[in-house]
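Residue-level listing of the chains:
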Amino acid sequence: MRLFAIFGDPVSHSRSPLMHNSVFKALNYKACYTRVNLVDGSKLKETFFALKLSGANVTVPHKEEAFRACDEVRGFAKTVGVVNTLINENGKLIGYNTDADGFMFAIEEFGSIQKVLILGAGGTAKALASRFLQDGIKVSVLNRSEKRLSYFSEIGCEISSWDSYKSKDYDLVVNTTSAGLKDEELPAPKEMLEEILTKTSFVADAIYGKLTPFLTLAKEHNITYKDGADMLLGQGILANKLFVNKELNKKDIKTHMQRSFEL
Ligand code: NDP
């Protein structure tokens, strides 16, 4: 029996155990996926090996710490310095990032997107900004504080803090802050968001399983919006594929993981 887990703080809201266990059960794969509330991110690696995990996912606020903890980082995670999937490969900790491609899967239905505003400047924002730039999409990043913005200007995004923000047109505005996750806060001052929402076609939130205050505001402005459920599904399918290596196929993983959303 192989053991997998999700690390985060908070982590009790996570649907990942249900999603991955549904796949393992339906496809008779001998594995179990649990959750670990990890407060101190510097303990990630030792906890991973102490629990004898075969693999794990990492959520708020440890994704950048996960990058630092890895013995080797592969693919897109190397570009962004953010890891959300860990694999135990012969006692070595290998890191990947499946969030960004998961998000691209989620917004396919919005059609062609040319200009994006990202709210927040954490790990998810980094992954999405780099992924958008890779596709030639123009990216602006708005964060409440200055301190995490320099990374984004270095990779070619337009940056502003709440103090320096000037309103523009966008095709899509994405909330990647944790505002609304365990509180009822908006990701930026209400007047600023009201203005932003008059100038965008679509809105997305990385938070799933609830209508956040930000999505509620988008709904009031009659803007097409979606929460983070499809992003969660997309990143989960890609993570599961890494967990099981070649033993299960992606189409079957998608079918059974999608079904877990109906539970
Ligand atoms: P981080 O902790 O790395 O970054 C959080 C960001 O949110 C920072 O920029 C921070 O600003 C900002 N922030 C936090 N609280 C507030 C607030 N009250 N008002 C305004 N800004 C705030 O988090 P992650 O990037 O790892 O995750 C962000 C969110 O995305 C989480 O809610 C997570 O659950 C969700 N997520 C969902 C996924 C899915 O599959 N659907 C996948 C990945 C993430 P500052 O720099 O000023 O501190």
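As the structure is a computational prediction, the values presented were derived from the model and not from experiment.

1. Structural notes on the domain arrangement of the protein
As a measure of interface size, the accessible area lost when the parts come together is often cited.
Move 1: Examined at the domain level, the protein breaks down into domain 1 (2–97 + 230–260) and domain 2 (101–227).
Move 2: Taking only C-alpha atoms, the centre of domain 1 and the centre of domain 2 are 25 Å apart.
Move 3: On the domain 2 side, the residues contacting the 19 residues of domain 1 number 22 residues.
Move 4: Together domain 1 and domain 2 conceal approximately 1700 Å² of surface at their shared face, both sides included; 68% is due to carbon and sulfur atoms.
Move 5: Connecting domain 1 to domain 2 are 3 salt bridges.
Move 6: Counting across the interface, domain 1 meets domain 2 through 3 residue pairs in polar contact (both at pLDDT 80 or more).
Move 7: Here the residues of the side of domain 1 that touches domain 2 are counted per class, giving 8 nonpolar, 6 polar and 5 charged.

2. Section: the packing of aromatic side chains
Move 1: If you walk through the whole model with that rule in mind, you get 8 aromatic pairs.
Move 2: With a centroid separation of 6.0 Å and an interplanar angle of 80°, the aromatic rings of F103 and F132 are classed as edge-to-face. Linking F103 in helix 5 (residues 99–106) with F132 in helix 6 (residues 123–134), this pair joins segments that are 29 residues apart in sequence. Across the pair, exposure class does not vary: F103 and F132 are buried alike.

Cut-offs used in this document
Residues numbered from 1 in each chain as written. Predicted model: local features only at pLDDT ≥ 70, side-chain atom pairs only at ≥ 80, totals over all residues. Heavy atoms only, no water. Domains from an automatic or database assignment. Contact = heavy atoms within 4.5 Å. Buried area = accessible area lost by both parts, 1.4 Å probe. Salt bridge = Lys/Arg side-chain N within 4 Å of Asp/Glu carboxyl O. Polar contact = N/O pair within 3.5 Å; in protein donor to acceptor, adjacent residues only side chain to side chain. Nonpolar A, V, L, I, M, F, W, Y, C, P; charged D, E, K, R; others polar. Phe/Tyr/Trp six-rings, centres within 6.5 Å; stacked < 30°, edge-to-face > 60°. Helix = DSSP H or I, 4+ residues; strand = E, 2+ residues; numbered from the N terminus. Buried < 20%, exposed > 50% of the residue type's maximum accessible area, 1.4 Å probe, protein only.

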